[in-house]
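Listed here are the chains, written in short residue letters.
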Amino acid sequence: MLGHNAGEKAPEELAHQISSAHWVGYPVDPWLIATREGLRVHHSRALPVKVLGVLVRESPDAPIMLVLDGWESWDRQRFTLAHMLGHYVRLRENGGLGQRFGFVEETLDLSLRTSNPAEDDANRFAHELLMPEEAIRIWCRGGTSIEVIRAVLDVPKHVLRERLRALNLPLTNNEKQ
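On a predicted model such as this, the values are computed, not experimentally measured, just so you know.

J.: Looking at this structure, how should I read the overall build of the chain?
T.: From N to C terminus, the chain includes seven helices and four strands. The buried share of the chain, reckoned over its 177 residues, is 46%.

Here's what the structure looks like:
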């Protein structure tokens, strides 16, 4: 099982590396990153219930495929793709891309309450990729409103609020709603 182990780069560091390698500005575009990394991204409305996405390589010489649930909202697909990029980057970091592999992302895997280290690693990667801590801290220090930050990062307001809480950044009374 993959995850962030002692001696490995933290998922946040991996998110910075891939974002820097494919930087075009905010909001971060995980579809562009996946495409530039040579991954094939598809949408399907035939995935089983509660499956948000699949990351798979059928053989060492086959392309790496990412399949997203076409029924899900754009926001959900974007986070799922960023999460699956976290698994991909961790595999690459650990030298695991040259083999057959597969991840099936279910609704609970993308939850902040997951107890699975590999899923927590991918969640941390996705949060940092889409909502970089350093940028958020700079904007908050400068007094930028949550609504402006949300618009720049193109994330749902409730997701940004959770990120701010996780970073122990204050919210005004209006922003807590």
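Next comes the rest of the description.
J.: Would you mind going over the sheet that holds strand β1 (residues 40-44) with me for this structure?
T.: Strand pairs in the sheet, formed through backbone hydrogen bonds, run parallel or antiparallel to each other. Pairing is mixed in the open sheet, where four strands are placed in the order β1-β3-β2-β4. The open sheet is flanked by β1 and β4 (101-106), the only strands paired with a single partner. Averaged over all pairs of adjacent strands, the angle between strand axes in this sheet comes to 15°, irrespective of strand direction. Of the pairings in the sheet, the one linking strand β2 (residues 51-57) to β4 comprises six bridges and is antiparallel in character. For Leu-55, the partnering residue across the bridge sits in β4 and is Phe-103.

J.: What am I meant to see in the environment of Phe-79 here?
T.: Tracing the backbone through its elements, the reader meets Phe-79 in helix α3 (residues 74-93). Phe-79 sits in the buried class, given a relative accessible area of 13%. Between the C-alpha atom of Phe-79 and that of His-127, which follows or precedes it by 48 residues, the distance is 8.2 Å.

J.: Can you walk me through a nonpolar patch on the surface in this structure?
T.: Taken together, the side chains of Trp-23, Tyr-26, Val-148 and Val-152 make up a nonpolar region of the molecular surface, amounting to roughly 340 Å² of accessible area. Its place among the elements puts Val-148 in helix α6 (residues 146-153).

J.: Explain the pairing of strand β3 (residues 65-69) here, please?
T.: Along any regular strand the residues' side chains alternate between the sheet's two faces. Summarising burial for β3: four of the five residues are buried, a large majority. Of the strand pairs in this sheet, β1 and β3 are connected by five bridges, and their pairing is parallel. In the sheet register, Ser-44 faces β3, and the bridge partner there is Asp-69. Direction of pairing for β2 relative to β3: antiparallel, over a ladder of four bridges.

J.: Looking at this structure, how should I read the packing of helix α1 (residues 11-21) against helix α4 (residues 117-130)?
T.: Packing of α1 against α4 brings their axes to within 8 Å, and their N-to-C directions diverge by 45°. Between α1 and α4, the angle is such that the two are oblique. Relative to α4, the crossing made by α1 is right-handed. Across from Pro-11, Glu-12, Leu-14, Ala-15, His-16, Ile-18 and Ser-19 in α1, the residues of α4 making contact are Asp-121, Arg-124, Phe-125, Glu-128 and Leu-129. Of the residues in the contact of α1 with α4, the class split is six nonpolar, two polar and four charged.

J.: It is not clear to me how the packing of aromatic side chains should be interpreted in this structure. Could you clarify?
T.: In this description, a pair of aromatic rings is defined by centroid distance and the angle of the planes. For the coordinates displayed, the defined rule picks out three aromatic pairs. The interplanar angle of 85° and the centroid separation of 4.9 Å between the aromatic rings of Trp-23 and Tyr-26 together place this pair among those described as edge-to-face. Measuring from centroid to centroid gives 5.7 Å for Trp-31 and Trp-74, while their planes differ by 25°, and the two rings are stacked. Of the two residues, Trp-31 sits in helix α2 (residues 30-36) while Trp-74 sits in helix α3, which places them 43 residues apart along the sequence. On the basis of relative accessibility, which here comes to 18%, the residue Trp-31 falls in the buried class. Aromatic ring contacts, followed pair by pair, group Trp-23, Tyr-26 and Trp-139 into a single cluster.

J.: When you look at the pattern of salt bridges in this model, what are you seeing that I'm missing?
T.: Where charged atoms from two side chains of opposite charge approach closely, those side chains can pair. Under the defined criterion, the tally for this structure stands at nine salt bridges. Close ionic contact of Glu-147 with Lys-157 constitutes a salt bridge, the shortest N to O distance being 3.7 Å. Linking Glu-147 in helix α6 with Lys-157 in helix α7 (residues 157-166), this pair joins segments that are 10 residues apart in sequence. Exposure remark for Glu-147: the relative accessible area of 36% places this residue in the partly exposed category. Through salt bridges with shared partners, a single ionic network connects Glu-8, Arg-90 and Asp-121.

Reading the values: rules and limits
- Residues numbered from 1 in each chain as written.
- Predicted model: local features only at pLDDT ≥ 70, side-chain atom pairs only at ≥ 80, totals over all residues.
- Heavy atoms only, no water.
- Helix = DSSP H or I, 4+ residues; strand = E, 2+ residues; numbered from the N terminus.
- Buried < 20%, exposed > 50% of the residue type's maximum accessible area, 1.4 Å probe, protein only.
- Pairing = 2+ DSSP bridges.
- Axes fitted to C-alpha atoms, helices over the stretch in contact; angles between N-to-C directions.
- Patch = residues over 30% accessible without salt bridge, like charges linked within 9 Å, V, L, I, M, F, W, Y side chains within 5 Å.
- Areas by Shrake-Rupley, 256 points an atom, 1.4 Å probe, with all protein chains shown as cover.
- Salt bridge = Lys/Arg side-chain N within 4 Å of Asp/Glu carboxyl O.
- Parallel < 35°, antiparallel > 145°, perpendicular 65-115°, else oblique.
- Left-handed = near helix turned anticlockwise from the far one by under 90°.
- Contact = heavy atoms within 4.5 Å.
- Nonpolar A, V, L, I, M, F, W, Y, C, P; charged D, E, K, R; others polar.
- Phe/Tyr/Trp six-rings, centres within 6.5 Å; stacked < 30°, edge-to-face > 60°.

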